[in-house]
Amino acid sequence: MSEESHVRPATRADLAGIKAIYDHQVLTSTSTFETTPPPLDYWTARLESTERGDHLLVAVEGERLLGYAYSASYRPRPAYARTRETSVYLAPEAAGRGLGRRLYDDLLAALRADDVHTVLAVVAQPNPASEALHRACGFEQVGLLPEVGFKLDRWLDTALWALRLD
């Protein structure tokens with residue numbers, strides 16, 4: 001990330017940019033299993049969540065939003081309260097600049113401060129770049145779910161990655 005770039009909590013003004021990055025991934029890649037871009041309200045709800053361990057961070061350079069990371073509940077049952085699922089997405093032109101790592105480092109620091117115990121990430125296969133990012137951040141692959149998603153005319157596996165924070 002350049003010196004002009006930084007990571008900060010998202011604001012309402014960032015939501016259109018977050019949506020644009022995600023919509024591109026929905027329509028062109030297997031990094032998400034969504035097949036239709038969600039409405040802006042979806043991102044507003046993420047931003048406004050007051051659940052401990054829910055965060056929405058952005059990487060910006062000047063006025064340009066280059067990527068974002070978020071954490072959200074893993075499952076809706078109370079016993080999972082200290083487990084969070086995470087995702088990081090970058091604008092296509094921002095890949096390979098260290099932004100994913102910077103976003104993850106800041107997100108994991110916020111999750112540690114929230115006393116989150118375990119962080120999970122689901123990575124569609126194959127995705128060497130995402131796997132390398134998760135490994136570099138301390139995650140371990142703990143499972144593989146074969147052919148659980150069908151997108152872009154093919155069946156896809158997902159790998160489950162986990163990191164214990166405490």
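Residues numbered from 1 in each chain as written. Predicted model: local features only at pLDDT ≥ 70, side-chain atom pairs only at ≥ 80, totals over all residues. Heavy atoms only, no water.

### A word on the pattern of salt bridges
Counted only if it meets this: By salt bridge we mean one thing: a side-chain nitrogen of Lys or Arg within 4 Å of a carboxyl oxygen of Asp or Glu. Only runs of H or I of at least four residues qualify as helices and only runs of E of at least two qualify as strands under DSSP, and these elements are numbered from the N terminus. Burial here depends on accessible area, computed with a 1.4 Å probe over protein chains only, as a share of the maximum for the residue type. Under 20% is buried, over 50% is exposed, and the range in between is partly exposed.
Inspection of every chain in the model, using the stated rule, returns ten salt bridges. For the salt bridge of Asp 105 with Arg 101, the shortest nitrogen-to-oxygen distance reads 2.9 Å. With Asp 105 and Arg 101 both in helix H3 (residues 99-113), this residue pair falls four residues apart, about one helical turn. A relative accessible area of 34% means that Asp 105 is categorised as partly exposed. Taking relative accessible area as the criterion, Arg 101 reaches 36% and is therefore assigned partly exposed. Here the salt bridges do not stand alone but share partners, grouping Glu 61, Arg 64 and Arg 97 into one network.

### Quick look at the nonpolar core
Rules: To qualify as a nonpolar core, a set must consist of buried Ala, Val, Leu, Ile, Met, Phe, Trp, Tyr and Cys residues joined through side-chain atoms within 4.5 Å. Here, two residues are considered to be in contact whenever any of their heavy atoms come within 4.5 Å of each other.
Core analysis: the largest hydrophobic core is formed by 40 residues, its most contacted members being Ile 18, Tyr 68, Tyr 104, Leu 108 and Phe 139. Elements with a minimum of two residues in this core: helix H1 (15-28), strand S2 (55-61), strand S3 (64-73), strand S4 (83-90), H3, strand S5 (118-124) and strand S7 (154-164). With residues near it in sequence (within four places) discarded, Leu 108 still touches Val 119, Cys 137, Phe 139, Leu 163 and Leu 165.

### Some points on the packing of H3 against helix H4 (residues 128-136)
Selection rule: For helices, the fitted line uses only the C-alpha atoms of the stretch in contact; every axis is such a line through C-alpha atoms, and the angle between N-to-C directions lies from 0 to 180 degrees. For this classification, under 35 degrees means roughly parallel, over 145 means roughly antiparallel, 65 to 115 means roughly perpendicular, and everything else is oblique. Note on convention: the crossing is left-handed when the near helix lies turned anticlockwise from the far helix by less than a right angle, right-handed when the turn is clockwise. Classes in brief: Ala, Val, Leu, Ile, Met, Phe, Trp, Tyr, Cys and Pro nonpolar; Asp, Glu, Lys and Arg charged; the others, Gly included, polar.
With their axes 10 Å apart at the nearest point, H3 and H4 run at an angle of 40° to one another. With respect to their mutual orientation, H3 and H4 come out oblique. In this structure, the crossing between H3 and H4 has a hand that is right-handed. Residues Gly 100, Arg 101 and Tyr 104 of H3 form the contact with H4, whose own contacting residues are Leu 133, His 134 and Ala 136. Its residues assigned to classes, the contact of H3 with H4 shows three nonpolar, two polar and one charged.

### Some details on the side chain of Gln 25
Here Gln 25 is to be found in helix H1. Those residues in contact with Gln 25, other than ones at most four positions away along the chain, are Ser 31, Thr 32, Tyr 89, Leu 90 and Lys 151.

### Focus: the packing of aromatic side chains
Condition: Stacked, edge-to-face and tilted labels apply to pairs of Phe, Tyr and Trp rings (six-membered ring for Trp) whose centres lie within 6.5 Å, assigned for plane angles under 30 degrees, over 60, and everything in between, in that order.
The final tally for this structure, using the stated rule, is ten aromatic pairs. Centroid distance Tyr 42 to Trp 43: 4.8 Å. Interplanar angle 90°. Geometry classified as edge-to-face. Judged by relative accessible area, Tyr 42 falls into the partly exposed class, the value being 25%. Judged by its relative accessible area of 0%, Trp 43 falls in the buried class. Members of the aromatic cluster, connected to one another through ring pairs, are Tyr 22, Tyr 42, Trp 43, Tyr 68, Tyr 70 and Tyr 89.

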